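Breakdown of the fold
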Amino acid sequence: DDIYKINESFLRNDLLNSKLEGSINFKNNFFFDLNFQVNQANLRKLFSYYSSLLRKSSSNQFQLSKKINGKAKVNLKGTDSFVGKIENINFDMFFENGDLKIKSGTADLYKDTKIKFNVSLIGSGNNQRIIFFINFLTSEGKKFLKKFNINTENNDLSFSSSGKISTTNKKIKFDRLSLNNNQLGQRNINQIESVFDKTILDEGVFGFLDFFKIKKFIFENFSKLNLN
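Quick summary incoming for the structure in this document. Chains are numbered independently. Their residues run from 1 in the order of the written sequence. The predicted origin of the model limits local features to residues at a pLDDT of at least 70 and limits the giving and counting of side-chain atom pairs to 80 or more, whereas totals for whole chains, interfaces and linings rest on all residues. Hydrogens are left out, water is left out, and the side-chain values use all remaining heavy atoms of the structure.

1. As for the nonpolar core
- The set of buried Ala, Val, Leu, Ile, Met, Phe, Trp, Tyr and Cys residues whose side-chain atoms join them within 4.5 Å is what this entry labels a nonpolar core. Three exposure classes are used, based on accessible area relative to the maximum for each residue type with a 1.4 Å probe and protein chains only: buried under 20%, partly exposed in between, and exposed over 50%. Ranked by size, the top nonpolar core spans 50 residues in total, and within it Met 93, Phe 144 and Ile 165 carry the most contacts.
- Ignoring sequence-local partners within four residues, the contact set of Ile 165 consists of Gln 128, Arg 129, Ile 130, Phe 132, Lys 171, Ile 172, Phe 196, Leu 201 and Val 205. By the convention used here, residues are in contact when the closest approach between their heavy atoms is within 4.5 Å.

2. What about unusual backbone geometry?
- Although it is not a glycine, Asn 180 sits at a positive phi angle of roughly 50°.
- Secondary structure elements follow DSSP: runs of H or I no shorter than four residues count as helices, runs of E no shorter than two count as strands, and numbering proceeds from the N terminus. Looking at the element boundaries, Asn 180 is found in the loop between strand S10 (171-179) and strand S11 (182-183).
- The phi dihedral of Asn 181 is positive, around 65°, even though this residue is not glycine.
- With respect to the element layout, Asn 181 can be found in the loop between S10 and S11.

3. Points about the packing of aromatic side chains
- Here a pair means two rings of Phe, Tyr or Trp (six-membered ring of Trp) with centres within 6.5 Å. Their orientation is stacked below 30 degrees between planes, edge-to-face above 60, and tilted elsewhere. Taken as a whole and assessed by the stated rule, the structure comprises nine aromatic pairs.
- Ring geometry for Phe 91 versus Phe 117: centroids 6.3 Å apart, planes at 55°, classification tilted. Residue Phe 91 is located in strand S5 (residues 84-96), and its partner Phe 117 is located in strand S7 (residues 113-122); the two are separated by 26 residues in the primary sequence. Grouping residues by exposure puts Phe 91 and Phe 117 together as buried.
- On the basis of an interplanar angle of 90° and a centroid distance of 6.0 Å, the ring pair of Phe 132 and Phe 174 is categorised as edge-to-face. Of the two residues, Phe 132 is situated in strand S8 (residues 129-138) and Phe 174 in strand S10; the sequence distance between them amounts to 42 residues. Grouping residues by exposure puts Phe 132 and Phe 174 together as buried.
- An aromatic cluster of three or more residues is present, and its members are Tyr 4, Phe 26, Phe 30, Phe 32 and Phe 95.

Here it is as structure tokens:
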């Protein structure tokens, strides 16, 4: 029945090295308010490890205890990824009665490449879904697309999307999808959804952490849409 204050503490393991501050409230209902200043993290291993703990063995659903409620502010200085070094990663996490919401996410990739994102894991059972918003803007488009074996002369590249993914059915549905500030038509959106389901979600919703799946998805859609 106390409120514990955490100051100048550290959390270290094989996946994470972070300074930790904040509070954990046991006085009434359990609630935490934490601030992570992460010096080093392996995001791929971190996501894979915790997703295996949260996922039901008989389905692709995830379960978070409704008794875990709180918020965490996360700042990650930098981490390596399949598209290069990602720096200045910032986002807020909210645990609310079994739902997980990641809001106000931002990250830097290369000198003039910015990513903004919101991701939420909502609901349970057959109604469980991941709701997402992603905005990507770069003046290094040629360098970025080269990693996916795509050649282009246009360095200005922007991408924006919002929608939801069914964790049980392993299907994506875009509410909005635009490339270089041009809203894509429904025919192109349907095509992209179909390729995403087959290449990214074929084994589960964490397929977006697999570089080879992402590479295949981007290459196939870019060539079909003839956007380069």
